[in-house]
Amino acid sequence: MQLLRRFGLLPTAAVIGLLAPGPAVALTADGPPPARPVIGGARLAASGVQVAPRAGAPALPADLTGKSWVVADADSGEVLASFNAHAQLPPASTLKMLFADTVLPKLDRSTVHRVAPAELTGMGPGSSLVGIKEDLEYRVEDLWRGVFLSSGNDAVRVLAHMNGGIERTVAEMQDRARTLQAGDTRVVTPDGYDEDGQLSSAYDLTLFARAGLRNPDFRAYCATRSAQFPGAVDKATGQRGSFGIANTDRLLGHYPGLIGVKNGYTTNAGATFTGAAERGGRTLLVTVMHTATNPKVYDETAALLDWGFAAAGKVAPVGTLAEDLAPPADPPAAAAGRSAAAPQAAPAVLTVGDGGAVGWATALLGAGAAGLALLRARTVRRRR
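Quantities reported herein were computed from a predicted structural model and do not represent experimental measurements.

Trainee: I keep staring at the overall build of the chain and nothing clicks. Help me out?
Mentor: The secondary structure content of the chain amounts to eleven helices and twelve strands. Looking at the chain residue by residue over its 384 residues, the buried ones come to 44%. Of all intrachain contacts in the chain linking residues separated by at least 6 positions in sequence, the fraction that spans at least 24 positions is 66%. Of the roughly 19100 Å² of accessible surface on the chain, a fraction of 55% belongs to carbon and sulfur atoms.

Spelled out as structure tokens, the structure:
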């Protein structure tokens, strides 16, 4: 370590941090580490309405009752206006967008699954259901229609069990939120049902919708207005029937250009909705959380969409939507050819956050190894 410090490869504080026993500590000379910057920009952390109008900008809609909302451009990521964007609130079924972001790419939509009785247990009282029956077979694509159209907690639970179980799915959802830089989100259940500590924000829900709309299957499911869902088997004929389900998104088919995405309502969360609409080659995302009444969440979303399309180019952005940090998925051929005995090395993590001190220590150890290699090279040259 003295040699590394002598050649300027490690600062004294870093050497002390590496040699110190016990848990990792912040590698600073004195005092706590600096506060992390607000994801999306400092203005999004401020309370109240955030908007930066230019000449000719329309006024924001009056009498908005949502406790939190965001208007953003889905393509550029610019946040056009916001209100308490990072306020942590119960998300209700809008959290199903994160569930879909996490699980949908992993399951083949043509797979047929026979539902075990245990997969339909543990749902909260009053859960929204699509009507899945135990000991019957369902295609994955039908289960996803049950999630997006009927907001079926039963469909979520079956898919979560197919993904390895509830606990594993919740952990993967939290990991997915992290790669989306959705730092306000705490996942307790995969379906968004009210639980202590289950929280998200208008900003994070907007990130989930933006990521989901990049997946063609996600986009197709959330845009589906109605479908036939597999029903029970007729005891007399032995034939399996079906029944119609309709999307509970009240703006779908009524607001011009609406793509989706997801609504939610519980007693604790109130009404929450994220909607996306396209007009004139521009796609806008609006999330509204906790309006005074359930119908108002749709009225206020529509009003903010109208404002966003009229204000585009006439307001300066007040923040940005964070980009997805997840690495691109391997092509199927590359993934299949990878040897199980030779796993890929994980990249060094240099961000400061949960486990940030450990990430920095790992990076410094890597720097130390590089320094030792350099010293060896210099020694060899001298000997020669």
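Trainee: Before we go on, may I ask you to explain the nonpolar core in this structure?
Mentor: Proteins that are soluble and globular tend to have nonpolar side chains buried together. Of all hydrophobic cores here, the largest spans 63 residues; its most connected members are Ile132, Trp144, Phe148, Phe208 and Phe218. Among the elements that take part in this core, helix 7 (residues 202-213) stands out by supplying eight residues, more than any other. Contacts of tryptophan 144, omitting those with residues within four sequence positions, involve Phe99, Ala100, Val103, Leu104, Leu159 and Tyr221. By size, the runner-up hydrophobic cluster in this structure holds 23 residues, among which are Trp69, Leu251, Val297 and Trp307.

Trainee: When you look at the pattern of salt bridges in this model, what are you seeing that I'm missing?
Mentor: Pairs may arise between side chains of opposite charge once their charged atoms sit close together. Scanning the entire structure with this criterion turns up 13 salt bridges. In this structure, aspartate 142 engages arginine 139 in a salt bridge whose closest nitrogen and oxygen atoms are separated by 3.5 Å. The class of aspartate 142 is buried, set by a relative accessible area of 5%. For arginine 139, a relative accessible area of 37% puts it in the partly exposed group.

Trainee: Is there a simple way to think about the packing of aromatic side chains in this case?
Mentor: Geometrically, a pair of aromatic rings is defined through the distance of the ring centres and the angle of the planes. All chains considered together, the criterion is met by eight aromatic pairs. Between phenylalanine 148 and tyrosine 221, the aromatic rings sit 5.9 Å apart at their centres with planes inclined by 20°, giving stacked as the arrangement. Of the two residues, phenylalanine 148 sits in helix 4 (residues 140-148) while tyrosine 221 sits in helix 8 (residues 216-223), which places them 73 residues apart along the sequence. For the pair shown, phenylalanine 148 and tyrosine 221 are each scored as buried. Here a set of aromatic residues connected by ring pairs shows up, and it is made of Phe99, Trp144, Phe148, Phe218 and Tyr221.

Trainee: Before we go on, may I ask you to explain the pairing of strand 7 (residues 240-246) in this structure?
Mentor: The side chains of a regular strand alternate, first on one face of the sheet and then on the other. As paired elements, strand 6 (residues 226-233) and strand 7 share six bridges and run antiparallel to each other. Bridge pairing links phenylalanine 229 to phenylalanine 243 in strand 7. Joining the antiparallel neighbours strand 6 and strand 7 is a turn of six residues, in which glycine 238 adopts a positive phi near 75°.

Trainee: Explanation requested: the environment of leucine 180 in the structure shown.
Mentor: Its location among the elements puts leucine 180 in the loop between helix 6 (166-179) and helix 7. For the pair leucine 180 and alanine 322, spaced 142 residues apart in sequence, the C-alpha separation works out to 7.1 Å. Setting aside residues up to four positions removed in sequence, leucine 180 forms contacts with Leu98, Asp101, Leu207, Phe208, Ala211, Ala322, Glu323 and Asp324.

Trainee: Help me understand the packing of helix 3 (residues 96-103) against helix 4, please; the structure alone is not making it clear to me.
Mentor: Angle between the axes and distance between the axes: these two values describe a pair of packed helices. Packing of helix 3 against helix 4 brings their axes to within 11 Å, and their N-to-C directions diverge by 160°. Accordingly, the angle class assigned to the pair helix 3 and helix 4 is roughly antiparallel. Crossing geometry of helix 3 relative to helix 4 is assigned as left-handed. Contacts from Lys96, Phe99, Ala100 and Val103 in helix 3 reach Trp144, Val147 and Phe148 in helix 4.

Trainee: So what exactly am I meant to see when it comes to the packing of helix 4 against helix 8 here?
Mentor: In the contact formed by helix 4 and helix 8, the axes pass within 9 Å of each other and the chain directions differ by 55°. In terms of orientation, helix 4 lies oblique with respect to helix 8. The way helix 4 lies across helix 8 gives a crossing that is right-handed. Contact with helix 4, carried on its side by Glu141, Trp144, Arg145 and Phe148, involves Phe218, Tyr221 and Cys222 of helix 8 and no other residues of that element.

Trainee: Got a minute to help me understand the environment of threonine 248 in this structure?
Mentor: With respect to the element layout, threonine 248 can be found in the loop between strand 7 and strand 8 (258-266). Distance from threonine 248 to serine 226, taken between C-alpha atoms, is 9.5 Å for residues 22 residues apart in sequence.

Trainee: Could you clarify how one ought to interpret the pairing of strand 9 (residues 270-279) in this entry?
Mentor: The buried fraction of strand 9 is high, at eight of ten residues. In the sheet, strand 8 pairs with strand 9 via eight bridges, with the strands oriented antiparallel. Bridging across to strand 9, leucine 258 finds its partner in alanine 277. Hairpin geometry of strand 9 and strand 10 (residues 282-289) is characterised by an intervening segment of two residues between the two adjacent antiparallel strands and by a positive phi of about 60° at glycine 280.

Trainee: Would you explain the confidence of the model for the chain in this entry?
Mentor: Atom-level detail of predicted coordinates should not be read off regions where pLDDT is low. Looking at the chain as a whole, its pLDDT mean stands at 83, while 76% of the residues score no less than 70. The low-confidence segment residues 1-29, where pLDDT is below 50, has 31 contacts with residues more than four positions distant or belonging to other chains. Note on residues 331-384: pLDDT is under 50 here. Beyond four places in sequence and across chains, it has 30 contacts.

Trainee: Is there a simple way to explain helix 7 in this structure?
Mentor: At 3.6 residues per turn, the α-helix brings residues three or four places apart onto the same side. In this model, helix 7 (twelve residues) spans 17 Å end to end at C-alpha, consistent with the 16 Å of a helix rising 1.5 Å per residue. Most of helix 7 is tucked away: twelve of the twelve residues are buried. Listed in full, the buried residues belonging to helix 7 are Ala202, Tyr203, Asp204, Leu205, Thr206, Leu207, Phe208, Ala209, Arg210, Ala211, Gly212 and Leu213.

Trainee: How should helix 3 be read in this particular structure?
Mentor: Of all eight residues that make up helix 3, eight are buried, and the element is covered over most of its length. Among all positions in helix 3, only Lys96, Met97, Leu98, Phe99, Ala100, Asp101, Thr102 and Val103 are buried.

Trainee: Help me out: how do you make sense of the environment of lysine 106 in this one?
Mentor: Tracing the chain through its elements places lysine 106 in the loop between helix 3 and strand 4 (112-114). With near-sequence residues (within four places) excluded, lysine 106 lies in contact with Asn163, Arg168 and Glu172.

Calculation notes
- Residues numbered from 1 in each chain as written.
- Predicted model: local features only at pLDDT ≥ 70, side-chain atom pairs only at ≥ 80, totals over all residues.
- Heavy atoms only, no water.
- Helix = DSSP H or I, 4+ residues; strand = E, 2+ residues; numbered from the N terminus.
- Buried < 20%, exposed > 50% of the residue type's maximum accessible area, 1.4 Å probe, protein only.
- Contact = heavy atoms within 4.5 Å.
- Areas by Shrake-Rupley, 256 points an atom, 1.4 Å probe, with all protein chains shown as cover.
- Core = buried A, V, L, I, M, F, W, Y, C linked by side-chain atoms within 4.5 Å.
- Salt bridge = Lys/Arg side-chain N within 4 Å of Asp/Glu carboxyl O.
- Phe/Tyr/Trp six-rings, centres within 6.5 Å; stacked < 30°, edge-to-face > 60°.
- Pairing = 2+ DSSP bridges.
- Axes fitted to C-alpha atoms, helices over the stretch in contact; angles between N-to-C directions.
- Parallel < 35°, antiparallel > 145°, perpendicular 65-115°, else oblique.
- Left-handed = near helix turned anticlockwise from the far one by under 90°.
- pLDDT = per-residue confidence, 0-100.
- Expected span 1.5 Å × (residues − 1).

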